Amino acid sequence: MHRIAVLVVDGIHSFDLSMPLQVFSTAHSLEREPGELFGPRLYDLRVCGEGREVVVAGVGGVEMFGCTPPYTLADALDSDTIVVIGATSGRASSAQMLDLLREAHRRGVRIASISAGGARVMAESGLLDGRRIATHWSRARDLAERYPQVQVDTDVLFIDHGDVLTSAGAASGIDMCLHMIRQDFGSAVAADVARHMVVPLQRDGGQAPYVAHPEPGDDHGSLEPAMRWLRQRLGEPVTLADIAAYVGTSPRTVNRRFREQTGTTPLQWLLRQRVHHAQELLETTDLSVEEISRHCGFGTSVAMRQHFAKHIRTSPMAYRRSFRAR
């Protein structure tokens, strides 16, 4: 099995601790006995710490309970992947923790961080120097000021450099863990985990829809009517000028509103809706890929395959085999 060590420190957030354990422990082989819900486990999980009890905290640093990690930091060196969880308080990491991460990186262990706390630990170790990283939008300024050698990006849910991964925070850690499962065992296994957890395999956009903005003025109306109008025309050619005319404003203004409310442009949002509709038709109908591509507005099956490769990381037929089989 692929071995994952989850590193914990005093003051870790309860969700940051439980989330990777839940996601990775849900991953099982698709080869299962008749009547069984799961096949063999695919990950061996170890919670590692510095040999003493740590406090697990909730939002705002409220102490919830204590736990003593059953494995030491040294045990993490035998892992294939290390998941780093930092403290909610932002306290400095121990020299032992930082040395462990540097040694593990030298040995080729994949290292991923959960939320801003984990990113702080990795930044202290130097593993993020010169890299673009993801972190929670509310902690971006503090992280950028504290570690100027790191390029902070709040427009994404996670970033994968191959050897090092960072997640934006909170539920974005789920997105990163599903991505890692897809890398390790393929899209079908990742999709199976997502189904069991009742979460999307891959969320659209980045953090932009979740960032707290000032209260909008009168010219920042809801785009929901326009979105419904677009969903009814997925198979038709639609331009930015068409959308602006429907909304009753300029293309520049409608672009700005879509970015504020969805985190992306109108045409990119429309493209994702077409991809989602194509997924539904692949799962629920016997229409050919060519028919679905026309029905969803891609025009040709070649264009649809290209967009599936970019957004779903698989082909339409492979997606249909994975989901129709269930």
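Refer to the preceding data block for the structure.
What counts, and at which threshold
- Residues numbered from 1 in each chain as written.
- Predicted model: local features only at pLDDT ≥ 70, side-chain atom pairs only at ≥ 80, totals over all residues.
- Heavy atoms only, no water.
- Pairing = 2+ DSSP bridges.
- Helix = DSSP H or I, 4+ residues; strand = E, 2+ residues; numbered from the N terminus.
- Buried < 20%, exposed > 50% of the residue type's maximum accessible area, 1.4 Å probe, protein only.
- Axes fitted to C-alpha atoms, helices over the stretch in contact; angles between N-to-C directions.
- Parallel < 35°, antiparallel > 145°, perpendicular 65-115°, else oblique.
- Contact = heavy atoms within 4.5 Å.
- Nonpolar A, V, L, I, M, F, W, Y, C, P; charged D, E, K, R; others polar.
- Core = buried A, V, L, I, M, F, W, Y, C linked by side-chain atoms within 4.5 Å.

Here we have seven strands laid out as an open sheet, ordered S6-S3-S1-S7-S8-S12-S11, and mixed in their pairing. Sheet topology places strand S6 (71-72) and strand S11 (158-160) at the edges, where each strand pairs with a single neighbour. Here three bridges tie S11 to strand S12 (residues 164-167), and the two strands are oriented antiparallel to one another. For Phe158, the partnering residue across the bridge sits in S12 and is Ser167.

Across the five residues that make up strand S8 (residues 110-114), a large majority, five, are buried. Both faces of S8 are covered, namely the face carrying Arg110, Ala112 and Ile114 and the face carrying Ile111 and Ser113. As defined by bridge partners, strand S7 (residues 81-85) adjoins S8 across five bridges and the pair is classed as parallel. Across the sheet, Thr81 pairs through a bridge with Arg110, a residue of S8. One ladder, built from three bridges, connects S8 with S12; its direction is parallel. If you follow Ser113 over to S12, its bridge partner there is Thr166.

What follows is about the packing of helix H10 (residues 266-284) against helix H12 (residues 301-311). At their nearest, the axes of H10 and H12 sit 11 Å apart, and the two run at 100 degrees to each other. Between H10 and H12, the interaxial angle falls into the category roughly perpendicular. Taken together, the residues of H12 that come into contact with H10 (itself represented by Leu271, Arg272, Val275, Ala278, Gln279 and Leu282) are Met304, His307, Phe308 and His311. Of the residues belonging to the contact of H10 with H12, the class tally is six nonpolar, three polar and one charged.

In this section: the nonpolar core. Core analysis: the biggest nonpolar cluster contains 57 residues, and Leu7, Ile82 and Ile181 have the highest contact counts within it. Examining the composition of this core, we find that six residues originate from one element, helix H5 (residues 172-185), more than from any other. When residues no more than four places from it in sequence are discounted, the contact partners of Ile181 are Val23, Phe24, Ala27, Tyr43, Gly186, Val189, Ala190 and Val193. By size, the runner-up hydrophobic cluster in this structure holds 14 residues, among which are Val275, Ile292, Met304 and Tyr319.

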